[in-house]
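# Architecture at a glance
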Amino acid sequence: MARGKLRIYLGAAPGVGKTYAMLSEAHRRVERGTDCVVAFVEHHGRARTEVMLHGLEQIPRQELEYRDTAFTEMDVDAVLRRAPAVALVDELAHTNVPGSRNAKRWQDVEELLAAGIDVVSTVNIQHLESLGDVVESITGVRQRETVPDEVVRRADQIELVDMSPEALRRRMAHGNVYQSDKVDAALSNYFRPGNLTALRELALLWVADRVDAYLKQYRSEHRVSAIWGSRERIVVGLTGGPEGRTLIRRAARLAEKGAGGEVLAVYVSRSDGLTSASPKELAVQRTLVEDLGGTFHQVVGEDVPAALLDFARGVNATQIVLGSSRRKAWQYVLGPGVGATVARESGPDLDVHIVTHGEVAKGRGLPVARGARLGRGRIIAGWLFGLVGPAVMAVVLNTVDLGLANDMLIFLTFTVAAALLGGLFPALASAAFGSLLLNYFYTPPLHRLTIADPKNIVAIVVFFGVALSVASVVDLAARRTHQAARLRAESEILSFLAGNVLRGETGLEELLERVRETFGMESAALLERAGDVEPWICAGRAGVGPALARPEDADVDVPIGDHMALALTGRVLPAENRRVLAAFAAQAAVVLDRRRLQEEAERARALAEGNRIRTALLAAVSHDLRTPLAGIKAAVSSLRSDDVAWSEEDRAELLEGIEEGADRLDHLVGNLLDMSRLQTGTVTPIVRETDLDEVVPMALVGVPEGSVELDVPETLPMVEADAGLLERSVANLVENAVKYSPADRPGHVVAVSASAIADRVELRIVDRGPGVPDDAKERIFEPFQRYGDAPRGAGVGLGLAVARGFAEAMGGTLDAEDTPGGGLTMVLTLRAAGPAAAAARPVAEAGAEPERQAS
């Protein structure tokens, strides 16, 4: 069955009209005859949105009960049975009530898509997982419900529902978003113009990035090489010289002038090595461009201007920034230079900026090494000097008699020039041609290829030998220079790999992207398979080329063992590149193995922690639970015995023992269950405005009368907490304090007091017991820990661990302090509830109703 398509309406804040737009689309589809149903849509009491539900088929919701409260969620099974063509699912980031089929609604949507059902959904920008910290820094509200970015990126269509902050605030003021009692608080807190403007910018930029990714994919699939100036993308050509910093800053200023401008700094290293760049200076420039919001790239190219233009066109750049040449005036005889060549060949779509700087015409800081691969122009010049030069000189020397020795030196000069310019073969041809000319024109008998004087034979042979030796030495030096430079380039690449291995910085995708950039490929992928007959699967990929089914389909493939290969597409690489490519391949395999080992280590750590908890649970069950069970069993057996006639006083004492044992069992089992929930991460608090003077007295029901002094003022602000979890935490803390406050000590009564400090409320439980040393204050909060010589029957050591776990689950803290004069003070800190919290809460839940915040 083909996978369904996902369409998402993305908004910057609640109330911009995402749900309304989704329902409008549903009506249009129904009018066209599409089988469209409402799987789950929350109108939040908004009249206009509720009206849009009329005329649409709605799937009945699933009713769930959690903490004695009824909730409704999307009935995934009912939607799958109905099997519509299109399903509307609101609030993609919503967290389902515990007991639902899946923990998150986006997981429900994945099931519908896998079943071939198209889904239309909504989400706000603040619910994207990667933007959580950014949104919190802007609004001061941490989003509890998030959706992985990859889920939204995989959507087939993403449509931005946009609205200006002023228009949204007017909608709020008219009561079209929240109820009237919440409007003022929302407008003065979360829905401030600055907040809305920042969130709107986030949404626009995120959608723009997705559009850019779609554009790159389209250009790659359709092989579009022409530049489309959809946004200003500026490429800075770096040479590794000190002028690079000036160019980067200039490019950053150009990017600021255009909307969505982007700076890409690129260094093109020749195939013969990094011969003209300072590694230290390149590192400084890389840091600078990244600090300015740009990116740094390094590519290999035979021809620097061509490689720079290929990179610019590949990233759809609109401008190139280059520095004025550092070459001296006489060096222009060797060619026009990189800047002039790029400007000439850039075409009408690329603007080239030549920026002046303080290093102009001062010469390069490092010598440029030449490789054995000479350019076509130099080879042609070598042949001209080697063949045409001696022929012209022969005509000139026919009119002047300089003597055979001088004639030979002049011809030898042309041979050396041919070797320096064109290499070995033009020099050999020049030596042979020069020898023939010397024989024909200057050795008797003239104009014949015979030699009368034996001395002239020796002279010509010596000439040919010297010419051959000079050409060979020049060619050998060029090849050695090429090899040394290439080895230097390879050593720098291998040093980069080794550094990443030692630091553990490079992930698999980043490493593959480095491979793709270094060798100028379209895509790089790491393929693996389980066996010789198993299909290949992609373990990691970078680039925009087509996905590969097997290594043989790639332009370059490097095997890594028997069942893994590095595959690259784009062009065929020279054989000499395979050594460095093999190093990259080996490193990719190491990175993949390391990632899997880390995952296995995490699983092993979780299993070890689970085993430790299970071992402690078994120990608790074996002793701490057996003791009260044995007492209850003995008391019940005694009451049922017909051999003894129990008095009313004895029966009452036995029944009291049974009740105490049952209470003790209930307390122990409750703590064990609470700790198991904390360990498995299934504690989902229902955070609401809670009054401490209502919850704390309920937590003191089980403590002995007169053992606690309570001081919780009625004027305290309400706190953000789950009433049930708060009550259980306070009960455990008070029970622990009473246990360690001996009745024979002065001031043994446990004091429970509360006070407000800034935006938080502190609840302090003070005892006068023996206290706890500083080095043990954190250890007492660990599971199955008893302080000092507490007897086995004193509990399983879970009370404080459960209390801290519940406090942190509600967004609070629990710490231990010394009591002045001796003893221990437990400080439970919770967030105070106020107008800001009341306004922020519905926003944090994407407009969810207050009673739905349990999810």
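Quick notes on the rules
Residues numbered from 1 in each chain as written. Predicted model: local features only at pLDDT ≥ 70, side-chain atom pairs only at ≥ 80, totals over all residues. Heavy atoms only, no water. Helix = DSSP H or I, 4+ residues; strand = E, 2+ residues; numbered from the N terminus. Buried < 20%, exposed > 50% of the residue type's maximum accessible area, 1.4 Å probe, protein only. Contact = heavy atoms within 4.5 Å. Areas by Shrake-Rupley, 256 points an atom, 1.4 Å probe, with all protein chains shown as cover. Phe/Tyr/Trp six-rings, centres within 6.5 Å; stacked < 30°, edge-to-face > 60°. Lys NZ or Arg CZ within 6 Å of the ring centre and 35° of its normal. Core = buried A, V, L, I, M, F, W, Y, C linked by side-chain atoms within 4.5 Å. Pairing = 2+ DSSP bridges. Axes fitted to C-alpha atoms, helices over the stretch in contact; angles between N-to-C directions. Parallel < 35°, antiparallel > 145°, perpendicular 65-115°, else oblique. Left-handed = near helix turned anticlockwise from the far one by under 90°. Nonpolar A, V, L, I, M, F, W, Y, C, P; charged D, E, K, R; others polar.

## As for the overall build of the protein chain
Of regular secondary structure, the protein chain possesses 25 helices and 24 strands. Buried residues in the protein chain amount to 45% of all 855 residues. Within the protein chain, residue pairs in contact and separated by at least 24 positions form 71% of the contacts whose partners lie at least 6 positions apart. Working note: accessible area of the protein chain is about 42300 Å², and carbon and sulfur atoms make up 56% of it.

## Points about the packing of aromatic side chains
Summed over the entire model, instances satisfying the criterion amount to zero aromatic pairs. In this structure, Arg804 is placed above the aromatic ring of Phe781, and the distance from its NZ or CZ to the ring centre is 4.0 Å.

## Some thoughts on the nonpolar core
Of all hydrophobic cores here, the largest spans 64 residues; its most connected members are Leu88, Leu112, Val147 and Phe191. For this core, the element with the highest residue contribution is helix α9 (residues 193–221), accounting for six residues. Beyond its immediate chain neighbours, meaning those up to four positions away, Leu112 contacts Met74, Val76, Val79, Leu80, Ala87, Val89, Ile117 and Val119. Core analysis: the next-biggest nonpolar cluster, separate from the first, contains 40 residues, Val738, Phe781, Val802 and Ala807 among them.

## A word on the sheet that holds strand β1 (residues 6–11)
Taken in spatial order, the six strands line up as β3-β2-β6-β7-β1-β8 in an open sheet, and their pairing is parallel. Looking along the sheet, the strands with just one partner apiece sit at the ends: β3 (57–58) and β8 (157–161). In this structure, strand β2 (residues 36–40) lies alongside strand β6 (residues 86–89), joined through four bridges in parallel fashion. Opposite Val37, over in β6, you have Ala87 as the bridge partner. The strands touched by helix α4 (residues 105–114) are β1, β2, β6 and β7 (118–124); relative to β6, the strand with the most contacts, the crossing angle is about 180°.

## Structural notes on the packing of helix α22 (residues 692–699) against helix α23 (residues 723–739)
The geometry of α22 relative to α23 is characterised by a closest axis approach of 8 Å and an angle of 50° between their N-to-C directions. Taken together, the axis directions place α22 and α23 in an arrangement best described as oblique. α23 is crossed by α22, and the crossing has right-handed handedness. Counted together, Leu692, Val695, Val696, Met698 and Ala699 of α22 and Ala723, Leu726, Glu727, Val730 and Ala731 of α23 form the full contact between these two elements. Residues belonging to the contact of α22 with α23 are distributed by class as follows: nine nonpolar, no polar and one charged.

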